Amino acid sequence: EAITWAWELLTKVYKLPEDRLYITYFEGNDQVPCDTEALEYWKKFVPESRILPFDAKDNFWEMGDVGPCGPCSEIHFDRIGGRDASA
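*Asks:* Tell me what's going on with the pairing of strand β2 (residues 51–54), and back it up with residues and numbers.
*Replies:* Relative to β2, strand β1 (residues 21–26) is paired through four bridges, and the arrangement is parallel. Within β2, the position partnered with T24 by the bridge is L52. After leaving β1, the chain enters helix α2 (residues 36–42) and then returns to the sheet as β2, a path that is right-handed.

This is the structure in structure tokens:
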């Protein structure tokens, strides 16, 4: 639900142009698998060319050595536009 809500907020309420939004998701590592659930869900809204895999430094949250943790997904806005900002 969070992905749908975020997309609707940004594109329907704030009216941000859909073609300037890029998505990141956790690509996985030797301890935690790729977040394919988020990847597949984002494909409903964004072309796969604008959905980018990132490592644990950028797309995995932790609360210290113990406690809640997990993969995350982020939405980025290309403020310049008119280009492929995925490169």
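Next comes the rest of the description.
*Asks:* Can you tell me about the sheet that holds strand β5 (residues 74–77), naming the residues and giving the values?
*Replies:* Pairing is mixed across the open sheet formed by three strands, whose spatial order is β2-β1-β5. At either margin of the open sheet sits one strand with a lone partner, and together these are β2 and β5. Across this sheet, the average inter-strand angle for adjacent strands is 30°, counted without regard to direction. Bridge count between β1 and β5: four bridges; the pairing is antiparallel. Paired with L21 across the two strands is F77, which belongs to β5.

*Asks:* Give me the lowdown on unusual backbone geometry, citing residues and values where you can.
*Replies:* Residues other than glycine seldom take positive phi values, yet K15 does so here, at roughly 60°. By the secondary structure assignment, K15 is in the loop between α1 (2–13) and β1. A residue is classified by how much of its surface remains accessible, and K15, at 62% relative accessible area, is exposed.

*Asks:* For the side chain of T4, give the residues involved together with the corresponding values.
*Replies:* Along the chain, T4 turns up in helix α1. Residue classification places T4 among the buried residues on the basis of a relative accessible area of 18%.

*Asks:* Requested: an account of the nonpolar core, with residues and values cited.
*Replies:* One finds I3, W7, L10, L21, I23, Y25, A38, L39, W42, V46 and I51 forming the largest nonpolar core, which totals eleven residues. At the level of secondary structure, the elements contributing two or more residues to this core comprise α1, β1 and α2. Among all residues touching L21, those that are not within four sequence positions of it are W7, L10, T11, L16, V46, R50, I75, H76 and F77.

*Asks:* Explain the side chain of T11 to me, using residue names and the numbers behind them.
*Replies:* With respect to the helices and strands, T11 occurs in helix α1. You can call T11 buried: its relative accessible area is 9%. Of note is the side chain of T11, whose polar atom sits 2.6 Å from the backbone oxygen of W7. Those residues in contact with T11 that sit more than four places away from it in its chain are L16, E18 and L21.

Reading the values: rules and limits
- Residues numbered from 1 in each chain as written.
- Predicted model: local features only at pLDDT ≥ 70, side-chain atom pairs only at ≥ 80, totals over all residues.
- Heavy atoms only, no water.
- Pairing = 2+ DSSP bridges.
- Helix = DSSP H or I, 4+ residues; strand = E, 2+ residues; numbered from the N terminus.
- Right-handed = clockwise from strand over helix to strand, strands pointing away.
- Axes fitted to C-alpha atoms, helices over the stretch in contact; angles between N-to-C directions.
- Buried < 20%, exposed > 50% of the residue type's maximum accessible area, 1.4 Å probe, protein only.
- Core = buried A, V, L, I, M, F, W, Y, C linked by side-chain atoms within 4.5 Å.
- Contact = heavy atoms within 4.5 Å.
- Polar contact = N/O pair within 3.5 Å; in protein donor to acceptor, adjacent residues only side chain to side chain.

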